[in-house]
Amino acid sequence: MSITRKWTTYLLLIAATLVLMFPILYAFSISFMSGAEVLEGKIWPSSFSFENYRDAFEKVPLLHYLINSFAVSIFVMAGQLLVSSLAAFAFVFIKFKGRDAIFFLFISTMMIPWEATMVPNFLTAQKLGWINNYLGLTIPFFALAFGTFLLRQQFKTIPNELYEASQVAGISRFRFFWNVVLPVSKTSLVTLGVYSFLTTWNMYLWPLLVTNTEDVRTVQIGLKQMQTQEISTDWGVVMAAVVVVILPTLLLLFLGQKRLQKGLTQGAIK
Amino acid sequence: MSAVTKTANSPVSVSANSKEKKSMPTIIVGLAYLLPSLLLFSVFLFYPMIKTLYLSLFITDTQGNPLNFVGLQNFLYLFTDPNFLQSMKATFLFVLYTVPIGLVIALFLALIANEKLKGIGFFRTMFSSTMGMSVAASSVIWMFMYNPTIGVINKVLNLVGIHDVQWLLDPKYALVAVSISTIWMNIGFTFLILLGGLQNIDEKLYENARIAGVSYWYQLLKITLPMLSPTLFFIITVSFINAFQTFGQIDILTKGGPTDSTNVIVYSIYKDAFVNYNVGSASAQATILFFCILLVTALQFKLGERKVHYQ
């Protein structure tokens, strides 16, 4: 690569980073400002104070919302990993009549927009007593066609001979699944886990519908509430809450970006 | 795409066969592994989808119980209802504003981030960062940036002599403002998918091009884009579907206003079902959303099949 081209690329990369990252850096910056500085429309705080963070945790049950979000995300992640890997195992290792039809059924789920089903789902949640309940926030999301496809791709790389040998040796299918297939697929499971956690942590519409008290309300809905209550008065506090909410997922993304990219393209294109 | 080598199906040995016969029939075992998924899909996806289609043909009470069958009347009413037509218009404009521009920006970022340079991993991480941002958090940040008096956007515009744009309160600008913030929110994901696609292109093609001494642009048009077409095709479909499903940023930034200019279809469904308690109408709109997405998917498969270059 020529020197000019190299430096043009670097220049473009840096410029793009600054533009793209600006809103996030801006939020960080505001979160350290005093109320007066925010109203002056400053870009950078004169001194870094953590007062907004303290206020964010004191004025709203932010910690409680965070714990709720963590619990819900971890629970959905575990559920999706288990349910998807079981299905993927059947699609790869267990041949039976009608399997292709079921696979087609899985594909068809990707064409149903979740939003088109939200009204009956809400009524179902009501009937089951799942309003303001962890069950309502988690169980409907355990089955995931995308996750099944992603793991299916991975499981297909496990030689079929290995499965046959285990059958001959009299090892049960489930033990083969649990002791062989899952351990060798660790990377894909981690990828899917990161994806599950990210999407669940960031979920908005469903938690808005099925939570109306503080009990199980997730942090995203907490943010919406803060923003409507505190508008124009305490932007610094709101931004501190924003930072607290985005930190876990940003860290997760920074750590898992490479894997996630690989997994997404694999599960998506095939 | 990924080079999964097919393992030759060696004939199943006799002993394995006899073992199979003693245990449960494979179909039962197979279904047992699929049961959790099938059960959940049935209860939370297929059943509610069918129920939505069913309810769209009824007048319902506020609890969503069907009262009387009205056939297609909900739909006929919707297509003459100026509010719904406005909602369709807002949805299509929103798709038009967000999908092409988002794609071009993400493609540009993916191309420059695909160069082999020192420290490129840092830039890749930065470019994908919006994927870790929730809709709620992003919307709150953009809401502040759009603030007419203290937000940074108007501060910058003031410098070039443009004053007092009411981004989120002016029907002329609200949809544009929401679109800009949406493009930003989606860049991370689109970028990540496109970068993955670029990295899957066979290196040898570029080596040959280098030996032939072709220009960067020629290489981009004749090698990169054609080889990237399956990924492009995929991400265009996904972006379309995502745009049709937009809700969070509308709820936080504009609540569908001003004068319904940002009342996109999912927000309209939400309002009809959970604010006006008109479940029949909401179901009819949800049915339309379903068919819109079905149409986009089918259309892109049909068009894509011919134009897309598969490896």
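Chain A appears in an unreviewed UniProt entry as Putative glycerol-3-phosphate ABC transporter, permease protein from Priestia megaterium. The heading Subcellular location (unreviewed entry) in the UniProt record of chain A holds the text "Cell membrane".

Colleague: Which residues make up the overall build of chain A, and what values do they have?
Modeller: For chain A, the count of helices and strands is 14 helices and zero strands. Helices and strands appear in chain A in the N-to-C order α-α-α-α-α-α-α-α-α-α-α-α-α-α. Whereas a compact globule of 270 residues would reach a radius of gyration of roughly 18 Å, chain A reaches 23 Å, over 25% beyond that. Reported as C-alpha extents along the three principal axes, the dimensions of chain A are approximately 75 × 65 × 30 Å.

Colleague: Account for the overall build of chain B, with residues named and values stated.
Modeller: The helix and strand inventory of chain B stands at 13 helices and two strands. Projecting the C-alpha coordinates of chain B onto the three principal axes gives extents of approximately 70 × 60 × 35 Å. A buried classification covers 41% of the 311 residues belonging to chain B. At a minimum sequence separation of 6, the contacts of chain B that also span at least 24 residues come to 70%.

Colleague: Pulling in residues and values, what's your account of the domain arrangement of chain B?
Modeller: Size of an interface, as often reported, equals the accessible area lost when the parts are brought together. All names here are of chain B. Under the domain assignment, chain B is made up of domain 1 (14–73) and domain 2 (83–307). Each of domain 1 and domain 2 was reduced to a C-alpha centroid, and the two centroids are 33 Å apart. Counting from both sides, the interface comprises nine residues of domain 1 and, opposite them, seven residues of domain 2. The set of elements that each furnish at least two residues to the side of domain 1 that touches domain 2 consists of α2 (26–55) and β1 (58–60). Of the residues that constitute the side of domain 1 that touches domain 2, the class distribution is four nonpolar, five polar and no charged.

Colleague: Mind laying out the interface of chain B and chain A, listing which residues take part and the relevant values?
Modeller: Each partner contributes residues to the interface: chain B has 85 residues there, and chain A has 85 residues. The biggest single contributor to the side of chain B that touches chain A is α2(B), with 16 residues. Its residues assigned to classes, the side of chain B that touches chain A comprises 56 nonpolar, 24 polar and five charged.

Colleague: Let's hear about the nonpolar core: which residues, and what values?
Modeller: Counting residues in each nonpolar core, the largest one holds 147 residues, and the members touching the most others are Leu223(A), Ala241(A), Val242(A), Ala137(B), Val140(B), Phe191(B) and Leu289(B). Setting aside residues up to four positions removed in sequence, Ala137(B) forms contacts with Leu223(A), Val242(A), Val245(A) and Ile246(A).

Colleague: Please provide a residue-by-residue account of the confidence of the model for chain B, values included.
Modeller: Residue and element names in this part refer to chain B. The predicted model of chain B has a mean per-residue pLDDT of 86, with 90% of residues at 70 or higher. Across chain B, the secondary-structure element scoring lowest on mean pLDDT is helix α1 (residues 14–22), at 46, and the one scoring highest is helix α4 (residues 82–113), at 95. For the stretch residues 1–21, pLDDT sits under 50, and the model shows 22 contacts to residues farther than four places along the chain or on other chains. Interface confidence for the predicted complex, given as ipTM, is 0.89, next to a pTM of 0.87.

Colleague: Hey, could you go over the confidence of the model for chain A for me, with residue numbers and the actual values?
Modeller: If pLDDT is low for a region, its predicted coordinates should not be looked at in detail. Scored by pLDDT, chain A has a mean of 89; 96% of the residues are at 70 or more. Highest mean pLDDT in chain A belongs to helix α4 (residues 62–93) of chain A (95); lowest belongs to helix α2 (residues 35–40) of chain A (81).

Colleague: Explain the packing of α4(B) against helix α8 (residues 174–199) of chain B to me, using residue names and the numbers behind them.
Modeller: Residues and elements named next belong to chain B. Relative to each other, α4 and α8 sit at 40°, their axes nearing to 7 Å. In this view, α4 runs oblique relative to α8, as classed from their interaxial angle. Helix-helix and strand crossings are classified by hand; for α4 and α8 the assignment is right-handed.

Colleague: Describe the UniProt feature "transmembrane region" (unreviewed entry) in chain A, listing the residues and the values that go with them.
Modeller: Residues and elements named next belong to chain A. Taking the UniProt record as the reference, the feature "transmembrane region" (unreviewed entry) is found at residues 70–94, 101–119, 131–151, 176–198 and 235–255. Across residues 70–94 one finds 96% helix and 0% strand; the C-alpha atoms that close the span lie 35 Å apart. End C-alpha to end C-alpha, residues 131–151 measures 32 Å, and it is 57% helix and 0% strand.

Colleague: Run through the environment of Arg259(A), naming residues and quoting values.
Modeller: All names here are of chain A. Relative to the elements of secondary structure, arginine 259 occurs in helix α14 (residues 235–269). In sequence terms arginine 259 and valine 190 are 69 residues apart; their C-alpha atoms lie 8.3 Å from each other. Look past the residues within four positions of arginine 259 in its chain and what remains in contact with it is Thr187, Val190, Thr191 and Val194.

Colleague: Which residues make up the environment of Thr109(A), and what are the values?
Modeller: In this fold, Thr109(A) is placed in helix α5 (residues 99–109). Residue class for Thr109(A) comes out partly exposed when judged on the 19 C-beta atoms lying within 10 Å of it. Between the alpha carbons of Thr109(A) and Phe146(A) there is a distance of 9.5 Å; along the sequence they are 37 residues apart. For Thr109(A), the residues in contact, after removing those within four places along its chain, are Ala145(A), Phe41(B) and Leu45(B).

Colleague: Before we move on, could you go through the pairing of strand β2 (residues 66–69) of chain B and cite the residues and values that matter?
Modeller: Side chains on a regular strand alternate between the two faces of the sheet. All names here are of chain B. With three bridges joining them, β1 and β2 adopt antiparallel strand pairing. Of the residues in β2, the one forming a bridge with threonine 60 is proline 66. Counting the residues in the hairpin turn of β1 and β2 gives five residues, including glycine 64, whose phi is positive at 85°.

Colleague: Any details on helix α10 (residues 173–184) of chain A? Residues and values, ideally.
Modeller: The end-to-end C-alpha distance of α10(A) is 16 Å, a good match for the 16 Å that 12 residues give at a rise of 1.5 Å each. Where α10(A) is concerned, the buried positions are Arg173(A), Phe176(A), Phe177(A) and Val181(A). All buried residues of α10(A) project into a common sector of 95° when viewed along the axis, lining one side. Turned more than 90 degrees away from the buried face of α10(A), the exposed residues are Arg175(A) and Pro183(A). Of the surrounding elements, those touching the buried residues of α10(A) are α4, α8 (145–155) and α9 (160–168) of chain A together with α2 of chain B.

Cut-offs used in this document
- Residues numbered from 1 in each chain as written.
- Chains lettered and ligands numbered in written order.
- Predicted model: local features only at pLDDT ≥ 70, side-chain atom pairs only at ≥ 80, totals over all residues.
- UniProt positions renumbered as here; feature names shortened; annotations may be inferred.
- Helix = DSSP H or I, 4+ residues; strand = E, 2+ residues; numbered from the N terminus.
- Rg over C-alpha atoms; globule rule 2.2 N^0.38 Å.
- Buried ≥ 20, exposed ≤ 12 C-beta atoms within 10 Å, placed from the backbone.
- Contact = placed C-beta atoms within 7 Å.
- Domains from an automatic or database assignment.
- Nonpolar A, V, L, I, M, F, W, Y, C, P; charged D, E, K, R; others polar.
- Core = buried A, V, L, I, M, F, W, Y, C linked by C-beta atoms within 7 Å.
- pLDDT = per-residue confidence, 0-100.
- Axes fitted to C-alpha atoms, helices over the stretch in contact; angles between N-to-C directions.
- Parallel < 35°, antiparallel > 145°, perpendicular 65-115°, else oblique.
- Left-handed = near helix turned anticlockwise from the far one by under 90°.
- Pairing = 2+ DSSP bridges.
- Expected span 1.5 Å × (residues − 1).
- Arc of directions from axis to C-beta.

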